[in-house]
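Observations on the model geometry
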Amino acid sequence: MTQTPEAAPLGLGQVGMRTDYPDPLWVQAADSLRERIGSGELRAGSRLPPERELCLLLGISRVTLRKALQSLVEGGALAPSHGRGWYVSGGGDTRNEWPNSLESFSETAERMGLDATSRVLQASIAPSTIDDAELLGIAPGLPLFRLGRVRMLGGVPIALDWALIPAALLPDAGEHDFEVDSLYEALTAAGNELANAETTIEAREAGTDIADQLGVEPGTPTLVMHQVVRNRAERAVLASTVQYAGDRYRLRTYFARHNRTETL
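Quick caveat: nothing in here was measured; it's all calculated off a predicted structure. Within every chain, residues take consecutive numbers counted from 1 along the sequence as written. In keeping with the model being predicted, local features are shown solely for residues with a pLDDT of at least 70 and side-chain atom pairs are shown and tallied solely at 80 or more, while totals for entire chains, interfaces and linings include all residues. Hydrogens and waters are ignored; side-chain quantities use all the structure's heavy atoms.

1. Examining the sheet that holds strand β3 (residues 116-127)
The pairing criterion for strands is at least two bridges between them, as found by DSSP. To qualify as a helix, a DSSP run of H or I must reach at least 4 residues; to qualify as a strand, a run of E must reach at least 2; elements of each kind are numbered from the N terminus. Overall, antiparallel pairing links the 6 strands, which are arranged β3-β4-β5-β8-β7-β6 in an open sheet. Looking at strand neighbours, the two that pair on one side only are β3 and β6 (196-205), the edges of this open sheet. Between one strand and the next, the sheet's axes are offset by a mean angle of 15°, whatever the strand orientation. Of the strand pairs in this sheet, strand β5 (residues 156-166) and strand β8 (residues 236-245) are connected by 6 bridges, and their pairing is antiparallel. Only the contacting stretch of a helix is used when fitting its axis, a line to C-alpha atoms as for every element, and angles between N-to-C directions run 0 to 180 degrees.

Right, here's the structure in full:
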């Protein structure tokens, strides 16, 4: 008979989340648990304490806790077991799935333990078109930095990435080697805080040019992600179109059902 692992003891004491912090409570809770997994306090294969106990220890509601736990599942740190609780992952391939958090291609690769590189197709500054200006909320004709790259993991082409950035937000664009440098890191170093992204994903067959860049047959299914990244003031910082080889990309997301109130 298989023995069920004992719930891992947590030396948290009464850990209340900080309401004066900018991070939401569920993010703070997830970070607290992630730190204990990283330190070895919560060992691979061990079961977390019951949710009621975790809520008391962290000083949060069950809804908030569930969101924190789900984010850890998406990041590969935890694995749920129906009717038995939450377990610290022992490795496996859960890291090889993209989370629903806003992270750069380089950050994703680092989390997966892979080497991210790029082949730069274009890196130039040109006046914005009317469509580009409308997309980024700027005046037509203002200079844009245009960056086109084939994104690779472990030397394997994964996606074709075209990005538009108002040139004023990245004045040192010419000093970066975007074959290896992260665009997100360059934007952040230039004083831009990336907060959220509006994203649309659609399916599209690979045309001849796309197929050549990604090393697939023309007509191969691809996933095209259109994204506008904004700062906390909701100003557009970056607009991108990324076309992924359909058999080399998996998107994971998380949906929560909000409580509904009915008016009689």
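2. Re unusual backbone geometry
Of note, the phi angle at Glu234 is positive, near 65°, even though the residue is not glycine. Within the fold, Glu234 resides in the loop between β7 (221-230) and β8. Overall, the relative accessible area of 46% leaves Glu234 in the partly exposed class. Buried, partly exposed and exposed residues are distinguished by accessible area as a fraction of the type maximum, computed with a 1.4 Å probe on protein chains only: under 20%, between the cut-offs, and over 50%, respectively.

3. Let's talk about the environment of Pro218
Residue placement: Pro218 occurs in the loop between α7 (208-214) and β7. In the structure, Pro218 is positioned 11 residues away from Gly207 in sequence and 5.5 Å away in space, judged by C-alpha atoms.

4. Examining helix α1 (residues 25-39)
Over its 15 residues, α1 extends 21 Å from the first C-alpha to the last, a length consistent with the 21 Å expected when each residue adds 1.5 Å. Contact criterion: two residues are considered in contact whenever any of their non-hydrogen atoms come within 4.5 Å of each other. Tucked inside the fold, the buried residues of α1 contact α2 (51-58), α3 (62-74), β1 (78-81) and β2 (85-88). Residue Gly40 follows α1 closely and has a positive phi angle near 90°. One fewer than the residue count of a helix, multiplied by 1.5 Å, yields its expected span.

5. Some points on the pattern of salt bridges
Put simply, a salt bridge is a Lys or Arg side-chain nitrogen that is within 4 Å of an Asp or Glu carboxyl oxygen. Counted under the stated rule, the structure contains 9 salt bridges. For Glu51, the salt bridge goes to Arg66, with nearest N and O atoms at 2.7 Å. With Glu51 in helix α2 and Arg66 in helix α3, this residue pair connects regions lying 15 residues apart in the sequence. Residue Glu51 is classed as buried on the basis of its relative accessible area of 12%. When its relative accessible area of 40% is taken as the criterion, Arg66 is described as partly exposed. A single network of salt bridges, built from pairs that share partners, joins Glu51, Arg62 and Arg66.

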